[in-house]
Amino acid sequence: MSSLAEPSASRAPSRSPARSPGPPRCGGERRSYAADADADPGTAQESQFKSVDLNHVIKLLEEPNSSNLERQLKILKKVVKRFENGLPLKDLAQIFEILNLCAEKLTEQQAFIEPVCELIKLCGLPFQKNKLSDEVSYSLTVSKSIAQLGYLMRVPSSQVRIQICKCIVSFYNVEPPKKLLSGYQPTSPNYKIQMAELGGLAETLVLSLALVENQLPEKLWVLKALQYLSSSGVNCRLMLKAQAASRLCVRLNDSDPSGQLIFRSSEILWNLLESTSKEEVVNQLSSLECVHALKEVFVYLLMHGFRNYDRQLRNDLLVIATLVAENPAAPMIESGFTKQLIVLATFTEVKIPNPLVKGLKLTYSYEDFELKKLLFNVIGVLSKDPCAAQLLSENDVMPALLYYVKPNQKPGFHDWSAAQYEELQLHAIAILASVAPLLLDKYLSCQANTLLLLFLEWCIGQDPFFSQGNSFHGTGGRGSKLAQMRYSLRVLRSVVSVCDDAVNLNLCDQGAISQLLDILQYAANKSKEKEDAILLEIQADILFILSTLCENDLHRKELFGYEGVDILIPFMQMDPNKLYSGLGHSRLLFSALDCLWSCVIGCYIAEDSFLEKQGIFLLLDLLALKQKNLCNIILGILLEFCDNPKTTSHISTWRGEKDQTAANLLIQLWRQEELELGVRRDQYGRIVDMKRPIVSSFQKQQEVISMPANCPSFAIVEIAENIRAKLYSLLCKLGFENLPGLSAKDFVTLAIIRRYLDFKTGEVWSELCAELKEEFRPVTSDEEALKVISEVSEDVGGMVAALQTEMLESQQHQELREEEKAYTKIHSIHKQREMVNKSWENFLTRTSNYEALKKAKRLQEKSIEASRSKSKSQNVAVHSTDIKGLGTTIGSGRLVTVESTPPHLVGGPLADTDVALRKLSVHGGALKKIKRVKILDSFKKNSISVK
């Protein structure tokens, strides 16, 4: 037997093919191996590769073990020896077929364990390719072959299973081959990893965990292989498909002195959470068994872990438990894990008699500091579960969190550094904002309002404090108390938003409104120096708190009063360009408008103060921006303000850009809204559909749906979904008559707005008729009544359309008349110019042509004679129209036009000079200045007086 198993090199050459025992092909194989043994080592491998027929090996392995066992083992060793430097891709399918045959025989013959392990070990070496295209060409074969490694985990052999895991790990720790076959080169380093993903090896390996549950070494090697495989997102998805998260978590509490089980399992769970759907992983971890295992392992590490490594692993498991707690379906309360976490989170601030924390003391290492923050975070997560409220109340979570609502009095606090304490303080106050609304009774009994107001007073005080600002919650608060102020206001915001009368009354009784206004003014002044997101958030939160406190309470509105209005006005004057800065100006403006609505409207003192400061003008300026999200709330505020009789005059007085009036602005908003709704109008803005004049395109697409009487129909719901109803109501307040600044197009639209209520009533009746016809046929009288109602609605539409047409025609006629007037004026101007020119020409003719002058003289005398009365009265003197000795060439008269002396010589800056004096007349021995002669234009050249 020994000679068959280990044939010596000295005996091999003496054998000849004719005398070789056994089947001729087997003897031939043995002969070739023996011949190669004496050959040169460099060529022996090549000759073996050429002589070894893998198909023959497969057939040999298919024979019964009893007759060929030794020969099978021998030839397997030769195969292993042949491929000791790597498997060629083209032979990989046959190698794995050999491997599978050996695995089947292993259940009966343990002698196959060693060759199987050796063959699997070869699979860990880099594959070898003959061509560059071999990786792609053999990809399907290689992926299926590597997938077989996972299926080989069924072999009931610890050595084989461990070797499979080692082989998989070697995919990620590639070592270059010591020697290559002639003409071959290794595959790329990541080739096996890609093929493992393609073949689904990770999923098979997860399923094999069930085979090694009770064999710790094998299980640890499987976990190590899965840890490497989980570095890929593709493998993580395959593992998740095989319920890897649940399978790993359930076995976390298994005995393992080395500690590798918890470490490797937690690493795999982390990779699954990061690379796949977090929700799906959490769902797998949300069973009672998994939660219980997490709890036991966490508590064990907390109580018995003393190494830094143990603390880090404990924190990692707590993060996983926190993610599980976010799932409402997770049995955190049923398993008792919730109560344990709450107790651990608060035992350093309040003393709770619980065996879990007896003798437990946290160090001040970084890992324990992280644990404290994680436990606070768990409280915030658990507060989202209403079922956990009772546990939060019983275990004094509220006093524990309020413990941090106090000024930082010294650099170190309970041995925490100043930075650590500040981070814990901000974290605790942030969690308090989530917990306080659930525990209002505890909140009041602990006098939380008082603590918060005192803390806010410290925040705006002048006490020196240098914030570290180096944590998530301390962002933007370095060197100031803004972070503390920010989170304290968040607590008040969350509490007052519950609208509990006792809490809000307690807050107001302590002067919260006045104090909040002071803080708001402080933040506004800070924001003027440098605007940032935190300051804007602080101001918005204060405005929200004031809105909630003052709403529906006149006394609190009076406390808001003048001071509050003075602070609100600058928010209305915000630069519109800042609304898109991304810092939070938009939210701040909306909070200011909400505060205006809740704290000012309804209190005449505050309303009058707002009106005196031209607040309505500021609102209309914002409305003129025509931003969809602003229009609705501003129109609502204006409507509420119109209950004050002074408001309408302010609205009517307002003028925008290009002297735009409020009525024109409202009508433009109506047209813009109808355009967005898809309401049909012609090019002039007139009604097109007489039956349904104001129906939107969306309403037309809706089918008739029969609904109960208490359910609003589309026509009613539509009122709240757009601003047309508010525009109509506001124009009703202003009145539809004598609105200034409107064009003909505006009047056409105004005619529709004026009958909005009638149109809406007809729309509701139309829906009612359609629903009735869908359900049953009305009786004759009802049908006639419905028909009359529909006709009335249609008649109103036709009447408005006719009125609109009349307006347009009137406007057209008015434009024509104005055009005619313009042309008439132009014509008269041209005619007058012609008359002036003709008069001037006649004048020139008379002065240059004596005959023309005589003719003009005769005509003048005739006209004078013709103008005299024909009847001659006695004793009436007749005066001659001629002046004797007159030497002018024009008709005589009392007015003379002098054009000889230039004006600059008789007036102006030279009036007091010698030249001017020479032109002055002397009367009574004194010099008197003669006034400048007035030069008339060409229209009055013949009629100017000399003064």
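Parameters and conventions
- Residues numbered from 1 in each chain as written.
- Predicted model: local features only at pLDDT ≥ 70, side-chain atom pairs only at ≥ 80, totals over all residues.
- Heavy atoms only, no water.
- Helix = DSSP H or I, 4+ residues; strand = E, 2+ residues; numbered from the N terminus.
- Buried < 20%, exposed > 50% of the residue type's maximum accessible area, 1.4 Å probe, protein only.
- Contact = heavy atoms within 4.5 Å.
- Areas by Shrake-Rupley, 256 points an atom, 1.4 Å probe, with all protein chains shown as cover.
- 1 Å grid on protein atoms, 1.4 Å probe; cavity = no way out; pocket = protein on both sides within 12 Å on 5 of 7 lines; lining within 4 Å.
- Points joined across faces, edges and corners; volume = space filled by probe spheres on them.
- Core = buried A, V, L, I, M, F, W, Y, C linked by side-chain atoms within 4.5 Å.
- Salt bridge = Lys/Arg side-chain N within 4 Å of Asp/Glu carboxyl O.
- Patch = residues over 30% accessible without salt bridge, like charges linked within 9 Å, V, L, I, M, F, W, Y side chains within 5 Å.
- Lys, Arg positive; Asp, Glu negative; His and termini not counted.
- Charge placed at Lys NZ, Arg CZ, Asp CG, Glu CD.
- Axes fitted to C-alpha atoms, helices over the stretch in contact; angles between N-to-C directions.
- Parallel < 35°, antiparallel > 145°, perpendicular 65-115°, else oblique.
- Nonpolar A, V, L, I, M, F, W, Y, C, P; charged D, E, K, R; others polar.
- Polar contact = N/O pair within 3.5 Å; in protein donor to acceptor, adjacent residues only side chain to side chain.
- Phe/Tyr/Trp six-rings, centres within 6.5 Å; stacked < 30°, edge-to-face > 60°.
- Arc of directions from axis to C-beta.
- pLDDT = per-residue confidence, 0-100.
- Left-handed = near helix turned anticlockwise from the far one by under 90°.
- Disulfide = S-S within 2.5 Å.

Asks: I'd love a proper account of the overall build of the chain, names of residues and values included.
Replies: Helix and strand counts for the chain come out as 46 helices and 4 strands. Looking at the 947 residues of the chain, the share that counts as buried comes to 45%. Sequence-distant contacts, at least 24 apart, represent 75% of the contacts inside the chain between residues at least 6 apart. Summed over its atoms, the accessible surface of the chain is roughly 49,700 Å², and 53% of this surface lies on carbon and sulfur atoms.

Asks: Kindly report on the layout of surface pockets, identifying the contributing residues and their values.
Replies: Put simply, the second largest pocket is a space of about 670 Å³. Around the second largest pocket sit 25 residues that line it, and Lys-121, Gly-124, Leu-125, Pro-126 and Glu-175 are the ones nearest its centre. Listing elements by their share of the lining of the second largest pocket, those giving two or more residues are helix H7 (113-123) and helix H10 (158-170). Looking at the lining of the second largest pocket, the element that brings in the most residues is H10, giving 4 residues.

Asks: Run through the nonpolar core, naming residues and quoting values.
Replies: The nonpolar side chains of a soluble globular protein tend to be buried, and buried together. With 248 residues, the main nonpolar core has Leu-149, Tyr-443, Leu-546, Leu-619 and Leu-623 as its most contacted residues. It is helix H30 (residues 533-550) that provides the largest number of residues to this core, a total of 11 residues. Not counting chain neighbours up to four residues away, the residues in contact with Tyr-443 comprise Met-398, Ala-436, Ala-448, Asn-449, Leu-452, Val-491, Leu-492, Val-495 and Val-503.

Asks: Just give me the short version of the side chain of Asn-235, but keep the residues and values in it.
Replies: Mapping Asn-235 onto the fold places it in helix H14 (residues 233-241). Relative accessible area serves as the criterion here: at 0%, Asn-235 is assigned to the buried category. With sequence-adjacent residues up to four places away left out, Asn-235 is seen in contact with Tyr-172, Ala-196, Glu-197, Ala-202 and Leu-229.

Asks: Please give an account of the pattern of salt bridges that cites residues and values.
Replies: Oppositely charged side chains can pair when the atoms bearing their charge come close. Applying the stated criterion to the full structure yields 35 salt bridges. Across the salt bridge formed by Glu-84 and Lys-81, the nearest N and O atoms sit 3.5 Å from each other. The exposure class of Glu-84 is partly exposed, given its relative accessible area of 36%. Between Lys-628 and Glu-673 there is a salt bridge, and its shortest N-O distance comes to 2.6 Å. Taken together, the residues span a long stretch of sequence, with Lys-628 in helix H35 (residues 628-641) and Glu-673 in helix H37 (residues 662-677) at a distance of 45 residues. When its relative accessible area of 4% is taken as the criterion, Glu-673 is described as buried. Three or more residues are tied together by salt bridges with common partners; here these are Glu-674, Arg-681, Glu-718, Arg-724, Lys-760 and Glu-763.

Asks: Could you give an account of a negative patch on the surface, naming the residues involved and the relevant values?
Replies: Judged by side-chain charge, Glu-815, Glu-818, Glu-819 and Glu-820 come together as a negatively charged surface patch. Residue classification places Glu-818 among the partly exposed positions, given a relative accessible area of 47%.

Asks: Kindly report on the packing of helix H21 (residues 366-382) against helix H24 (residues 418-435), identifying the contributing residues and their values.
Replies: The contact between H21 and H24 brings their axes to 9 Å, and the two run at 10°. In terms of orientation, H21 lies roughly parallel with respect to H24. Here H21 contributes Phe-369, Lys-372, Lys-373, Phe-376, Asn-377, Ile-379 and Gly-380 to the contact with H24, which in turn contributes Gln-420, Glu-423, Leu-424, His-427, Ala-428, Ile-431 and Val-435. Counted by class, the contact of H21 with H24 contains 7 nonpolar, 4 polar and 3 charged residues.

Asks: Could you give me a rundown of the environment of Lys-628, with the residues and numbers involved?
Replies: Lys-628 sits in the partly exposed class, given a relative accessible area of 43%. With residues up to four places along the chain from it excluded, the contact list for Lys-628 reads Glu-673 and Glu-676. There is a polar contact of 3.4 Å between the side chain of Lys-628 and the side chain of Glu-676.

Asks: Please give an account of helix H41 (residues 744-754) that cites residues and values.
Replies: Buried residues dominate H41, accounting for 8 of its 11 residues. Among the residues of H41, Ala-744, Asp-746, Val-748, Thr-749, Leu-750, Ala-751, Ile-752 and Ile-753 are the ones counted as buried. On the buried face of H41, the contacting elements are H37, helix H40 (724-734), helix H42 (756-775) and helix H43 (780-848).

Asks: Describe the packing of aromatic side chains, with residues and values.
Replies: Taken as a whole, this structure holds 12 aromatic pairs when the rule is applied. Consider the rings of Phe-263 and Tyr-309, whose centres lie 6.0 Å apart with planes at 55°: the pair is tilted. Of this pair, Phe-263 sits in helix H16 (residues 260-275) while Tyr-309 is found in helix H19 (residues 308-325), placing the two residues 46 residues apart along the sequence. Residue Tyr-309 is classed as partly exposed on the basis of its relative accessible area of 31%. With centroids separated by 5.8 Å and ring planes inclined at 90°, the aromatic side chains of Phe-376 and Tyr-404 adopt a geometry described as edge-to-face.

Asks: Tell me about unusual backbone geometry, and name the residues and values.
Replies: Phi angles above zero are rare outside glycine, and Cys-499 is one such case at about 60°. Locating Cys-499 in the fold gives a position in the loop between helix H27 (482-496) and helix H28 (501-509). The class of Cys-499 is partly exposed, set by a relative accessible area of 47%. In this structure, Asp-659 takes a positive phi of about 60° despite not being glycine. With respect to the element layout, Asp-659 can be found in the loop between helix H36 (647-653) and H37.

Asks: An account of H28 is requested, with residue identities and associated values reported.
Replies: Residues of H28 that are buried include every one of Val-503, Asn-504, Leu-507 and Cys-508, and no others. Buried residues of H28, viewed axially, fall in a sector of 125°; they line one side. Facing away from the buried side of H28 by over 90 degrees, the exposed positions are Asp-501 and Asp-509. As for H28, its buried residues are in contact with helix H25 (440-445), helix H26 (448-459), H27, helix H29 (512-529), H30 and helix H31 (554-572). Where H28 starts, the residue carrying a side-chain oxygen 3.1 Å from the main-chain nitrogen of Ala-502 turns out to be Asp-500. Looking one or two residues beyond H28, the residue adopting positive phi is Gly-511, at roughly 75°.

Asks: Give a detailed account of the environment of Ile-162, specifying residues and quantitative values.
Replies: Looking at where Ile-162 falls in the secondary structure, it is placed in helix H10. Ignoring sequence-local partners within four residues, the contact set of Ile-162 consists of Glu-218 and Trp-221.

Asks: Quick one: what's the story with the confidence of the model for the chain, residue by residue and with numbers?
Replies: In the predicted model, the chain carries a mean pLDDT of 82, and the fraction of residues at 70 or more is 85%. Across residues 1-50, confidence stays below pLDDT 50; counting only partners more than four residues off in sequence or on other chains, it has 52 contacts. Scored below 50 in pLDDT, residues 910-947 shows 46 contacts in the model against residues more than four places distant or in partner chains.

Asks: Break down the environment of Tyr-172 for me, citing the residues and quoting the values.
Replies: Positionally, Tyr-172 belongs in the loop between H10 and strand E2 (185-186). Residues Tyr-172 and Leu-229, 57 residues apart in the sequence, show an inter-C-alpha distance of 8.8 Å. The contact partners of Tyr-172, leaving out residues within four places of it in the chain, are Ile-193, Tyr-228, Leu-229, Ser-231 and Asn-235.

Asks: Outline the packing of H31 against helix H32 (residues 585-599), supporting the account with residue identities and numerical values.
Replies: It is at 10 Å that the axes of H31 and H32 come closest, and there the two elements cross at 150°. On the basis of their axis angle, the class for H31 and H32 is roughly antiparallel. Two packed elements cross with a definite hand, and for H31 against H32 that hand is left-handed. Between H31 and H32, the residues in contact are Lys-557, Phe-560, Leu-568, Phe-571 and Met-572 and Leu-588, Leu-589, Ala-592, Leu-593, Cys-595, Leu-596, Ser-598 and Cys-599, respectively. Grouping the constituent residues of the contact of H31 with H32 by class yields 11 nonpolar, 1 polar and 1 charged.

Asks: Now, about the state of the cysteines: what can you tell me, with residues and values included?
Replies: Taken as a whole, this structure holds 0 disulfides when the rule is applied. We note that Cys-508 lacks a disulfide partner, and the nearest cysteine sulfur, in Cys-550, lies 6.8 Å from it. The exposure class assigned to Cys-508 is buried, which follows from its relative accessible area of 13%.

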